[in-house]
Every structure is written in C-alpha cells, then in structure tokens.
Amino acid sequence: MAAVTRLSLESFWTIPRVNSLLVSPDGRRLVLGIQTLSPDTKKFVSSLWELPADGSASARRLTYSEKGEGAHAFLPDGSLLFASARPDVTVKEDDADGRLFRLPAGGGEAEPVLSVAGGVEAIVTADRAPVAVLRVPVFPDAPGLAEDAAKAKNRKEAGVSGVLFDKFPIRYWDHDVGPRQSRLLRVDLGGEKPVTADLTQDAGNALHEASYDVAADGAFAASGWLRNPSGVELSSDLVLVEEGRRRVIADGADFEGPAISPDGRFVAAVRDENTTTEEPGRGTLWLVDLESGQGRDLAPDFAQRPGPPVWAPDGRSLYFAADENGRCPIFSADVESGVVRRLAAAGAYTSIHPSPDGAFVYALRSSFESPAQAVRIDVSTGEETVLPTPGQPLELPGRVEELVAKAPDGVDIHAWLVLPEGASPQNPAPLLLWIHGGPYNSWNAWAWRWSPHLMAERGYAVLMPDPALSTGYGYDFLRRAHKRYGQDVWPDLEASLDAALSRPDLDASRTAAMGGSFGGYMTNWVAGHTDRFKALVTHASLWDMEQFVATTDTPHWWERQFGPLDQSKSPYEAVSPRSTVDEIRTPMLIVHGQLDYRVPISEALKLYTDLRRRGVPSRFLYYPDENHWILKPGNSRLWYETVLAFLDEHVLGAGWRSPELL
C-alpha cells in the first residue's frame, strides 16, 4: 500500500500532478502525463508513466529527460509517439526546439522520428493506420521544415525578433501569435522513413490553438479554423482538411473539439453560439453528417454546455463531460435518439477515453477532496474503480462540505466549504470568500494554482460559491447577470456568504475575499461596494473596463456583449470596478504577472496607483516572468506565503511578516 502524504505548504510541491490519460490500442495499458518537481526545484517537468488498465500494479515511469515530454499519442501497433525538446543523439548539430519520438510498444529506447525547429504543439493519430497529424509552427513563407529551420537560424544570427502583423489575433494568454504560424503536418510512419505532407500551407493564423481530429484510416482531418473577417472580430469554423483541399462543414458559430466517428461518416463538435448584447451564447453538441452536409444539435434538451466529445468504439454514442451542480460528470449521448444519460458523477472528469471493446470508460477524476486520479467506469453498470495513481493517497488538513443558499431572487446558489481542523462553535474559524474566474466557470475540480487546503492548514475556512454566470446550472443561470456582472453577481455571493456565516463554527468578524481573473474583477467590484471584509486579494484582475478591452488579447469577446468600444463607452463604464474607486477603504493585495496578455499588467498598475493616491492600505506582488497564472514552483510558493502574510496581518491582526524571499 502506498504511503499517505499529508498535504501542507511543505509537501505541496513534491506531489506528482497527473494531467492526462491515454488508453493503448489493445486496452491493456494506460499512459499518464505527470508533472514532478525538477531536481533543482525550480520548475515542474512532465514525463510519461504507464499504468496497467486493470489496476493490478502501480504506475511506472516510461520517460526521463531534463526537458520533459509534451504531447503524446498511441499508434495502432501500440508504440507511443511523443514530443520533447530532448536532444536527438543521432544528429551532430540540431538546434530544433522540438522533436517527435517513438517509444516501441515492447519498451526500450525512444527513437527520434522527426525534428521540428519550432516545436510540436499537438499530436493526433489515426486508429487504423500508421499516420499522425501534428500541429507545428512554421514560418509563413517556408515550404517545409528544412526551410523553416534555416529561416529560424538566419533570424537568430541576425539578432532579429520583430513580428509584423496585419490581422488579429496578435497575442494569446502569454505568447505572441507569430512570427511562426501553426500548420497541420501529416506524417506517414508505415515505411522505413517518415513521409510528411503539409495539409494546410495557406492556414495563416487559422490554426492557432486549434483542436482537431484524424479519421481512423488517416485519410482526412477535421479542425477548428479561425477567421478574422474584419477588425478585431474572430470566429472559428469547422473544416475538413485533406492534402491540398479544405472544406467548411459548419460555420456561423464557434466550433471546438471536433471528433470524427469511427466509420468516418460524422463529425461531432462543441458549437458555441456567439454572445450578443441581448443574450449569452449557448453551447451545444453539434453533429455533422458528412454525406449530406447537414448539421444538427444532437441533444437539444440537454441543459448544460458540453465539453469536447469522444466517440464510443461502435460509433453509436458519444461521451463528454459537462459542469453540473458543482460537479463535472461524464455523460453519454445516443447518436440516433439524442438521449443523454449520466455515466459518472463522483467529481470532475477529464481525459475521457473508452476501452477498445467499449466495455469501460477511463478518465481522470478530481474533486476538492482529491487531485486527479485515474478511474475505470463500467459502461453497463456505472460502477467506478479507482486505479493506483501516483501522488495518492493524500491526507487533507481539514474537511469539505457542501452549502446551498438562497439568492435574493429565490435561486439556489451552490458552494463548497473547506473547513480547517478544529473549527467549532468554541473555536470559530476565520472565513475566506473565494470568487472563481471565467466568468463562465464553476468550482468543481481540484486546482494546484489555488488550493483552499493550504489556507485550511493555516486555520482559515474557504467558501467557494457558484454565483450567477457560473456554468452547470442551465442557460437561465447565465442570463441572470448577462452584461450586468458585478451588480447581479455580488448579491449571489453575499447570500452564500451570509448563509455560511450563520454557522457557529465560522467567525463573521474575521473575513476576507479573494479572486483571480474575473474573480479578481469581482473582488475589485466588492471593494467599492462594501466594507464588510477585513482584507481583499485581487489576482490578474480587471479594473478599468475601457482600458482593459482596448488592450486584452480577446477584445471581440467583450464587444459582442457590450458593443464596439469606439462607439459607446457607457456600457463599459457601468460595469467598471473603477467607477467606485473613491468608496474603497479595505486593504488590498494586488498580484499580477508581466506576461499576462489576457488581463494586461496595465490593469494592476492603474489599480495600485489609484489606491495609493487615495491612501488605501495596499501592496503589489509583481512577477516579471509569470503570466495569467503563477506557475514556477518558487513563485507559486511565494504567492501562498505572501497571501497568507497579508491575510494574517489584516484578518487575524498578527502584524506584517514579510516572506523570507521577498
């Protein structure tokens, strides 16, 4: 039996983090993508591990490299393709940032297959042919990988870093969109040497971050295809791609997660209607008949937005996960009837993969009581088996409960409550209100970036509500705060907070609120609308909505709701937290990364300046090398230490104790 690890600020970084799961073609093996702390403790390194599908043995590590391994996929013969920046020892000089390797099914050394100067972004393989389609970044004028490598070398030697743009997008989350552009590269591995073919040489930026799938025989692919029809507007069509040909099979909305049926007759995908100034967009499961060209909503009565679909081996049904009532279950949709049934609902599920015989579904399952675990679900009975997963079992420093409150309009507001050990009427715990990002999101899964258990270890209770705009509660739940944001989200949060504080084991006199991204927006909104909290922590937050929409990487998403920024600023001013800056009295800790392009650093700079001018007690934790998320182990630990020091100062009255490394 594996040793039990107690979660703490000391052990947190040493726990293996399971991020992905694959099932081998024979159904006997699972491959897990796992992050572990590097020997120098300065970064997390990804590696691949193998786990018997029947859970008969512990997982064993398959790959070891300083650079780690990225995208990976099985070929029909059971060999495993993976991307890595590890060196190719068969080549004397190779300056590539990425390479494709092949690990034989029977084990042994990984064999280099292909050198890709710009790296390999994604790998999808055919089920019945030795074919892989890679998404790779290539310079626009480079006809092939060799020419791309030569141009990269010339730019490096000339000291050139400039990028010229003539359309959107310019950047995304934490990186520039260019100078290379993504393409789909077909690699035939059936002969002695790999044969490559560029399927999308004219793609431009259309394949940036695109999700795609490959037909079972390797003959064609289905992909999202980004369009920039005018100005800053972006839309993603659904296309079929063969060498030299491309055909649009669905448009008029945004499509993602395409999946081609085993017989090649259908393509399923998630279809997201564009949000408008009147209504939030609906997400549906879309099915396209490739023979007729007709598309339809596969499950029109399903109330939630589905995640990317996965075909059952017999092609008669599709599996997908969807947020629902504070969880993210697996559902099955019958292709013929559209009937949806819930297969598993014990937590939040990702990496869904059916066994080749269709008898089981394998997935990763997490919750606020456990990081991701590999599980096997019997399709006929729904019985679920937890498989031995690295990093498990884990002992938590507290307990998790559910709480349901009534909003002012009578709607139920679901929340998770993490309580520290020892919380009782005789020893009530201080409470932290955590506000999720999104805004279309839900508290339902384990997270390493924001762990409530590290707060519980220090004696804090953490309340995590799903207010208006949260997913998993139906379309009307999104409509309740459409375009109003703070005005209608805060009453839901306050109702949940009041319900929690009616408990005798929580201390209503010692509270704080925290949030990141849209949660940071809400924290800033709360700052100007109530003085009930002792402290506020705002991370990667929106402050001045006019400034924000003009500088974010996705201005079109906001302009669909509020209208073009250059035509009317009043809708943005109405929802801008900065509009009540003169009302703020509560001490605030601001956290932001320089490389955050979703919420640019200018938001934090303006917020901090505004607070200092008005004498509001405030601190600014700035990361020059982080983005929307604080990912490096040392920086992440410093985040927790600084946040806890700030809370201890203002909520507990302990006085400021600066973390040692600040």
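Everything numeric here is computed off the predicted structure, so don't read it as measured data.

Here is what the cut-offs are and how they apply
- Residues numbered from 1 in each chain as written.
- Predicted model: local features only at pLDDT ≥ 70, side-chain atom pairs only at ≥ 80, totals over all residues.
- Heavy atoms only, no water.
- Phe/Tyr/Trp six-rings, centres within 6.5 Å; stacked < 30°, edge-to-face > 60°.
- Buried < 20%, exposed > 50% of the residue type's maximum accessible area, 1.4 Å probe, protein only.
- Lys NZ or Arg CZ within 6 Å of the ring centre and 35° of its normal.
- Pairing = 2+ DSSP bridges.
- Helix = DSSP H or I, 4+ residues; strand = E, 2+ residues; numbered from the N terminus.
- Core = buried A, V, L, I, M, F, W, Y, C linked by side-chain atoms within 4.5 Å.
- Contact = heavy atoms within 4.5 Å.
- Axes fitted to C-alpha atoms, helices over the stretch in contact; angles between N-to-C directions.
- Polar contact = N/O pair within 3.5 Å; in protein donor to acceptor, adjacent residues only side chain to side chain.

A. Region of interest: the packing of aromatic side chains. For the coordinates displayed, the defined rule picks out 32 aromatic pairs. With a centroid separation of 4.9 Å and an interplanar angle of 85 degrees, the aromatic rings of tryptophan 639 and tyrosine 640 are classed as edge-to-face. The same class applies to tryptophan 639 and to tyrosine 640, which are both buried. Aromatic ring contacts, followed pair by pair, group Phe12, Trp13, Phe368, Trp416, Trp434, Trp443, Trp446, Trp448, Trp450, Trp639 and Tyr640 into a single cluster. When the ring centre of phenylalanine 360 is taken as origin, the NZ or CZ atom of arginine 376, which lies over that ring, is 5.2 Å away.

B. Spotlight on the sheet that holds strand β5 (residues 60–61). The antiparallel open sheet is built from 4 strands, whose spatial order is β2-β3-β4-β5. For this open sheet the edge positions go to β2 (17–23) and β5, each flanked by a neighbour on one side alone. In this sheet, strand β4 (residues 44–52) lies alongside strand β3 (residues 29–37) in antiparallel orientation, the contact comprising 9 bridges. Bridge assignment links isoleucine 34 to a residue of β4, and that residue is serine 47.

C. Quick peek at the nonpolar core. Core analysis: the largest hydrophobic core is formed by 52 residues, its most contacted members being Leu431, Leu433, Leu506, Tyr521 and Met522. Other than its neighbours up to four places away in sequence, leucine 431 contacts Leu417, Ala461, Val462, Leu463, Leu497, Ala500, Leu501, Leu506, Arg510, Thr511 and Ala512. Grouped together as the second largest cluster of nonpolar side chains are 41 residues, Leu9, Phe44, Ala535 and Val643 included.

D. Summary view of the sheet that holds strand β23 (residues 295–297). Read from one edge to the other, the open sheet built from 4 strands follows the order β20-β21-β22-β23, with strand pairing classed as antiparallel. At either end of the open sheet lies a strand with only one pairing partner, and these are β20 (254–260) and β23. Averaged over all adjacent pairs, the angle separating strand axes in this sheet is 30 degrees, with direction ignored. Here β20 pairs with strand β21 (residues 266–272) via 5 bridges, running antiparallel. Each bridged residue has a counterpart across the sheet, and for alanine 259 the counterpart in β21 is alanine 268.

E. Inspection of the side chain of aspartate 544 at higher detail. If you trace the backbone, aspartate 544 turns up in the loop between β38 (535–539) and α6 (545–551). A polar side-chain atom of aspartate 544 sits 3.2 Å from the main-chain amide nitrogen of glutamate 546.

F. How the structure looks around the environment of glutamate 233. On the secondary structure map, glutamate 233 appears in the loop between β17 (221–227) and β18 (235–242). Here the alpha-carbon distance between glutamate 233 and arginine 560, two residues 327 residues apart in the chain, equals 8.9 Å. Among residues more than four places away in sequence, those in contact with glutamate 233 are Arg227, Asn228, His556 and Arg560. At 2.7 Å, the side chain of glutamate 233 forms a polar contact with the side chain of arginine 560.

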